[in-house]
Amino acid sequence: MAAATSAFTSAGTKLYTSATAPATYNQAGFAALTWTEVGEIVNLGDFGRTYNIVNHINLGSRKTVKLKGSYNEGNLDLQLARAPGNAGQALVITASTSDNSYSFKVVLQDGTIMYFSGQVASYTTNVGASDQIVGAKANIEINNDIIEVAP
């Protein structure tokens, strides 16, 4: 399948995780891992590289020069229906109590794959009101470059 040339929906997007780190931090290393799908995801949120802006103000010209400095690949703020018996959610819960990085794979509807590693910083429960599904939220802090593979 070719990369999308027009808009497509988020429906069908899947998130997978593995407690194993890749042997090499590239497409082949991640592709060789055994993956477990994280079930009952409602929203993955937005993630990806954001640069800090470094400002330099030259006294003589009074001009502010803006340059890109360090970057951060962001985080996933997962919203889920709480299902701790789901094998993928169970791995996320385990990761939330560990200092280890876990491997993650996002597969978009168009077949694009994004690999990265990260630490699960939280897994919380949201009971809510009577007419609400019991939910959970997990925060995954991405700690390496995202490797994107075209479909």
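Residues numbered from 1 in each chain as written. Predicted model: local features only at pLDDT ≥ 70, side-chain atom pairs only at ≥ 80, totals over all residues. Heavy atoms only, no water.

Draft legend 1. Focus on the packing of aromatic side chains. Inspection of every chain in the model, using the stated rule, returns six aromatic pairs. Seen from their ring centres, F47 and F116 are 5.9 Å apart, and the 50° between their planes marks the pair as tilted. Linking F47 in the loop between β3 (41-43) and β4 (50-57) with F116 in strand β8 (residues 113-126), this pair joins segments that are 69 residues apart in sequence. When the centroid spacing of 5.8 Å and the interplanar angle of 20° are considered together, the rings of F104 and F116 count as stacked. Of the two residues, F104 sits in strand β7 (residues 102-107) while F116 sits in strand β8, which places them 12 residues apart along the sequence. Every member of this aromatic cluster is reached through a ring pair, and the members are Y25, F30, W35 and Y115. Sitting above the plane of the Y71 ring, R49 keeps its charged end 3.8 Å from the centroid. (Phe/Tyr/Trp six-rings, centres within 6.5 Å; stacked < 30°, edge-to-face > 60°. Helix = DSSP H or I, 4+ residues; strand = E, 2+ residues; numbered from the N terminus. Lys NZ or Arg CZ within 6 Å of the ring centre and 35° of its normal.)

Draft legend 2. Representation of the pairing of β7. Summarising burial for β7: five of the six residues are buried, a large majority. Where strand β1 (residues 14-18) lies against β7, five bridges are found, and the strand directions are antiparallel. Paired with L15 across the strands is V106, a residue of β7. Alignment of β7 against β8, held across six bridges, turns out to be antiparallel. Bridging across to β8, S103 finds its partner in S117. Taken together, β7 and the strand that follows it, β8, pair antiparallel across an intervening segment of five residues, in which G111 is found at a positive phi of about 95°. (Buried < 20%, exposed > 50% of the residue type's maximum accessible area, 1.4 Å probe, protein only. Pairing = 2+ DSSP bridges.)

Draft legend 3. Quick peek at the pattern of salt bridges. In this structure the tally under the stated criterion is two salt bridges. Between E73 and R49 there is a salt bridge; the shortest N-O distance is 2.9 Å. With E73 in the loop between β5 (64-72) and β6 (75-81) and R49 in the loop between β3 and β4, this residue pair connects regions lying 24 residues apart in the sequence. Residue class for R49 comes out partly exposed when judged on its relative accessible area of 38%. Residues participating in the shared-partner salt-bridge network are R49, E73 and D145. (Salt bridge = Lys/Arg side-chain N within 4 Å of Asp/Glu carboxyl O.)

Draft legend 4. Representation of helix α2 (residues 87-96) in the model. Of the positions making up α2, those classed as buried are G88, Q89, V92 and A95. Projection of α2 onto a plane perpendicular to its axis shows the buried side chains occupying an angular sector of 120°, all on one side. Lining the buried residues of α2 we find β1, β2 (36-37), β6, β7, β8 and β9 (135-142). You can read the cap of α2 off the contacts: a side-chain oxygen lies 2.9 Å from the backbone nitrogen of G88, and it is on N86. (Arc of directions from axis to C-beta. Contact = heavy atoms within 4.5 Å. Polar contact = N/O pair within 3.5 Å; in protein donor to acceptor, adjacent residues only side chain to side chain.)

Draft legend 5. Molecular detail of the nonpolar core. L15, L78, F104 and F116 are the most contacted members of the largest nonpolar core, which has 20 residues in total. Elements represented by at least two residues in this core include exactly β6, α2, β7, β8 and β9. Excluding residues that lie within four positions of it along the chain, F104 makes contacts with L15, Y16, T17, W35, M114, Y115, F116, S117, G118, V120 and I140. By size, the runner-up hydrophobic cluster in this structure holds eight residues, among which are L33, W35, I113 and I147. (Core = buried A, V, L, I, M, F, W, Y, C linked by side-chain atoms within 4.5 Å.)

Draft legend 6. Summary view of unusual backbone geometry. With a phi close to 65°, E40 is a non-glycine residue in the positive phi region. Examined against the element boundaries, E40 turns out to sit in the loop between β2 and β3. A positive phi angle is found at R62, which is not glycine, with a value near 65°. Judged by relative accessible area, which is 73%, R62 ranks as exposed.

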